[in-house]
Amino acid sequence: MSHLVWRLHRTQVYFAAGALAALAVLLVVTGTAMSHDYQRFLADCAATQSCGDGQGQLYSGDGAIFDIVNLTMVVPLLFGLFWGAPLVAKEIEDGTHNLVWTQGVTRVHWMRTNVTWVLLAAAAWGSAMAGLVSWWRTPENALGSRFDAFDVQGVVPVAYSLFAVALGIAVGSMFSRVLPAIATTLGAFVAVRVAVGVYLRPHLLAPLTTLGSLAGSRAPSGSWVISSGLVGPGGQMLGHSLFAGQIPAACQTGGIGQKGLLLPCLVAHGYHQVVTYQPASRFWAFQGMEAAIFLVLAAALTAVAFRRVLTRDA
Amino acid sequence: MSTPQPTPAVATRGLGKRYGSQWALQDCSLHVPRGRVTALVGPNGAGKTTLLRLLVGLSAATEGAAEVLGRAPAPSEEFLASIGYLAQDVPLYKRLSAEDHLGLGAHLNRVWDATGARDRLARLKIPTDRPVATLSGGQRAQIGLGLALAKRPQLLLLDEPVAALDPLARREFLASLSEAVAEGDLSVILSSHLLHDLERVCDHVILLAASRTQLCEDIDDVLASHRMLVGPRRNGSGTEPSVHVVKTTRTTNQTRLLARLDGPVLDPAWEVGEVGLEDIILAYMGGDDPGPTELLGPVGAVR
C-alpha cells in the first residue's frame, strides 16, 4: 500500500525536498552571517558599554531575506492545496478510485495509509522549516520580539501544516473535484488562520498592563504589545492622542503645539501611559495553545474525511 | 430459483438503489450460476452501472440484498480478492505505465499473477513501459482487463469495456476475454449496449430496462422460448394461453407478435418463426420498429 503512495507521489516528494533544500541553503548561509554580525555587535556593546538600536544597525539592509522568511507562512497552505486537496478528489475525478478500491486492500486501509503518509510528510516538512526559521531568527528574536514572527517559528508551523493537509483531504473528499477542492481549501485555510491569529490569539491569555510615565513607558523588551494609550488623572482611558478639549487648561497655556512643554505638564497633572502586552515569557504558552487549536481542528477534519470516504457511494 | 449450485455467482433479491428521489435500479432479482459469461444489457440509464457497482461493493444498496459468490458485497479483503472489476472508461493512472500498474497490483493483492498478465500484454504487443495516457483506447482496455484478471478472480465484472473501442480492438478484447474464460474457472458479467458483440462471447443474458430486470437466463433458453408470430391483423393475441406477448407490431393487414411461448401455439392462423437474440432484446427494451407498439413488462420474464 505504501508502495502505491510512493509511486504516485514521489515526484511531489522530490520537488518538495528540493524546495526545502534550497530554503535550507539560503537560511544557513544568511543565518550564519547574521549570527556572526550579531556576535560582533554584542562584543562591541560590551566594549563600549552602549548598544543602541541593534535591529536598526544590524539588519536594515536585509529586507528581502526577511520577506522570504515571513513568506514561509504560506508553505503550510501549499501542503494543503497540493498534498491534501487532491488526495481523494483526484482519485474520484480521474475515476481511479474504481480501480484502487476494488483491489485486494480495503478502502479504510487505503485511506489510512494515504492519510498517514501525507500527514507525516506535512509534519516532517513543517518541522524542518520551522526549525530552520527558528534558528535563523535567533539574533532577531533576541533583539526584537519573537512574537513578531510568531507564525513562522516554534511549533505552530507544524500544526498549521497538519491542519492544512487535513482540511484539504476533508474538502477533497466532499467535493470530489480537484479545482473546487483546492479553491475551498485556500479560502477556508486563510479564514481560519486569520480568525485565530487576529481575533483569538490576543485573548488566549489575559494581557498584562503597565502604567508608566508619559515620557518613557514601555513594555518589557521582547513583549507583544497589544495596545497602548493615555490614562487621565481619574483613571479614564483616553486613547492614543488627546483632543485639544481634553487637555487640562493649565497645560494649554504653554502652547499646545510645543510637545516639550506639554508632556511635562501632563505628567505633572497625573497623566500616565498604559500599555497592555503579553510578556516574552509567554511565547511558548501561546505557541502551545495555538498549536493545540490547530491540531484539534486537524484531527476533526481527518475524522470527517474518513467518514466521507468510507460511507461514500463511490 | 432452481439451480443445483449452492453458491451462485450472483444472486440478488429486490435490489434497489436510489440517488436522491431518482431510482437508478429497482426491484432487481437475479440468479446467475457460476461459470457463465453473462451479458448485462439494457438501454442507457437502465441501471447497468449501478448494478455492477452494487455487486462490487463500491456503492451500497438502498433496498434489497445481493450475494456475490455467496458473500454480501462488503469491504473485506476476502471479498475484494474474489472479484475483478473493470469500471467504465477503464480508469488507470494516466502517468503510470502498464508495468507500474502491474507493480501496484502486486502490492495491493495477495494473489497476483504478474507473469500471466505480462505474457498477455506481450502477446498483444502492448508497450508496458510507456505512460498509459499515450496508448490507444484498445490498449488501455486490454491493460484494464489484464489487471482485473491478474487478481485471479472468481467473478469478473466489466462495465462497458468495449463501448469506446473500434471494431478491431473490440474483437481483440472479446477474444482475450474468451481466452481467459477458457483458461480457468471464471464467471463473467459484461455490460454493454452492443448486442451483436456479446452474442459471440456470452451464454447468459440479463436485460435491464426501465430500472428493472426483464430477463435473466441462458441465451439458449431465451432463443428457444421466444418466437415471432405473424398473422392477420387483429387485436391482442386472442385466447392463446401459452403466448406471453413481449411486443406487438401492427401494419395495415398484419399483426406481428414477439412472444415468449411456454407451450404450443394452437391457432393455425399464426405463422411461427424463430427470432434472433438482438430482436428479442430490442423488443424487451421497447422497440426498433416504428408504429404503434405495446410493451408488456416483466410478465413471465424473470425466472
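Not measured: the values here are computed from a predicted model.

### Some remarks on unusual backbone geometry
With phi around 45 degrees, B:V90 is a residue other than glycine that occupies positive phi space. C-beta crowding within 10 Å serves as the criterion here: with 26 such atoms nearby, B:V90 is assigned to the buried category.

### A short note on the domain arrangement of chain A
Residues and elements named next belong to chain A. You can read the domains of chain A as domain 1 (2–202 + 287–311) and domain 2 (208–278). At the interface, 4 residues of domain 1 touch 5 residues of domain 2. Classifying every residue of the side of domain 1 that touches domain 2 gives 2 nonpolar, 1 polar and 1 charged.

### Looking at the environment of A:W136
Residues and elements named next belong to chain A. On the secondary structure map, W136 appears in helix α6 (residues 107–136). As a C-alpha pair, W136 and V29 span 107 residues in sequence and 9.6 Å in three-dimensional space. Filtering out sequence-adjacent residues up to four positions away, W136 remains in contact with L27, G31 and V69.

### So, the sheet that holds strand β4 (residues 272–278) of chain A
All names here are of chain A. In space, the 4 strands of this open sheet follow the order β1-β4-β2-β3, with antiparallel pairing throughout. Of all strands in the sheet, those with a lone pairing partner are β1 (208–212) and β3 (237–239), marking the two edges. Here the strands of the sheet are splayed against their neighbours by 35 degrees on average, with no regard to which way each runs. As paired strands, β1 and β4 are joined by 5 bridges and run antiparallel to one another. Within the sheet, the bridge partner assigned to T210 lies in β4 and is V275.

### Structural notes on the nonpolar core
In terms of nonpolar packing, the biggest core is built from 141 residues, with A:V165 and B:L157 touching the most fellow members. With 14 residues, helix α8 (residues 156–175) of chain A is the single largest residue contributor to this core. The contacts of A:V165, once residues within four sequence positions are left out, are A:F79, A:G80, A:W83, A:G84, A:V118, A:L119 and A:A122. Core analysis: the next-biggest nonpolar cluster, separate from the first, contains 7 residues, A:V275, A:Y277, A:F283 and A:F286 among them.

### Here's the deal with the interface of chain A and chain B
The partner chain B presents 24 residues to the 19 residues of chain A that form the contact. Listed by contribution, the elements that provide at least two residues to the side of chain A that touches chain B are α1 (2–48) and α5 (96–100) of chain A. A per-element tally of the side of chain A that touches chain B places α1(A) first, with 4 residues. Along the lines of polarity and charge, the residues of the side of chain A that touches chain B split into 7 nonpolar, 8 polar and 4 charged.

### Concerning the packing of helix α4 (residues 75–94) of chain A against α8(A)
Residues and elements named next belong to chain A. Between α4 and α8, whose axes approach to 7 Å, the crossing angle comes to 30 degrees. Taken as axis vectors, α4 and α8 run roughly parallel relative to one another. At the point where α4 passes α8, the crossing takes the right-handed sense. Considering only residue class, the contact of α4 with α8 consists of 19 nonpolar, 6 polar and no charged.

### Some details on the domain arrangement of chain B
Residues and elements named next belong to chain B. According to the domain assignment, chain B contains domain 1 (10–209) and domain 2 (221–295). Computed from C-alpha atoms alone, the centre-to-centre distance between domain 1 and domain 2 is 34 Å. Across the boundary between the two partners, domain 1 contributes 9 residues, which contact 7 residues of domain 2. Of all elements in the fold, only α7 (195–201) and β8 (204–209) reach the threshold of two or more residues within the side of domain 1 that touches domain 2. Taken together, the residues of the side of domain 1 that touches domain 2 break down into 6 nonpolar, 2 polar and 1 charged.

### A closer look at the sheet that holds strand β3 (residues 37–41) of chain B
All names here are of chain B. As summarised here, the arrangement of the 6 strands in space is β5-β6-β7-β3-β8-β9, forming an open sheet in which the pairing is mixed. Edge strands, defined here as strands with exactly one partner in the open sheet, are β5 (83–86) and β9 (212–218). With direction set aside, neighbouring strand axes in the sheet form an average angle of 15 degrees. Pairing of β5 with strand β6 (residues 155–159), which is carried by 4 bridges, proceeds in the parallel orientation. Its bridge partner being in β6, L86 is matched across the sheet by L158.

### Observations regarding α1(A)
An α-helix turns once per 3.6 residues; consequently, residues spaced three or four apart project the same way. The largest bend in α1(A) is about 65 degrees, located at A:H9. In the stretch just after α1(A), A:Q49 is the one whose phi turns positive, near 65 degrees.

The rules we used
- Residues numbered from 1 in each chain as written.
- Chains lettered and ligands numbered in written order.
- Predicted model: local features only at pLDDT ≥ 70, side-chain atom pairs only at ≥ 80, totals over all residues.
- Buried ≥ 20, exposed ≤ 12 C-beta atoms within 10 Å, placed from the backbone.
- Domains from an automatic or database assignment.
- Contact = placed C-beta atoms within 7 Å.
- Nonpolar A, V, L, I, M, F, W, Y, C, P; charged D, E, K, R; others polar.
- Helix = DSSP H or I, 4+ residues; strand = E, 2+ residues; numbered from the N terminus.
- Pairing = 2+ DSSP bridges.
- Axes fitted to C-alpha atoms, helices over the stretch in contact; angles between N-to-C directions.
- Core = buried A, V, L, I, M, F, W, Y, C linked by C-beta atoms within 7 Å.
- Parallel < 35°, antiparallel > 145°, perpendicular 65-115°, else oblique.
- Left-handed = near helix turned anticlockwise from the far one by under 90°.
- Bend = angle between axes of the 7 residues up to and from the residue.

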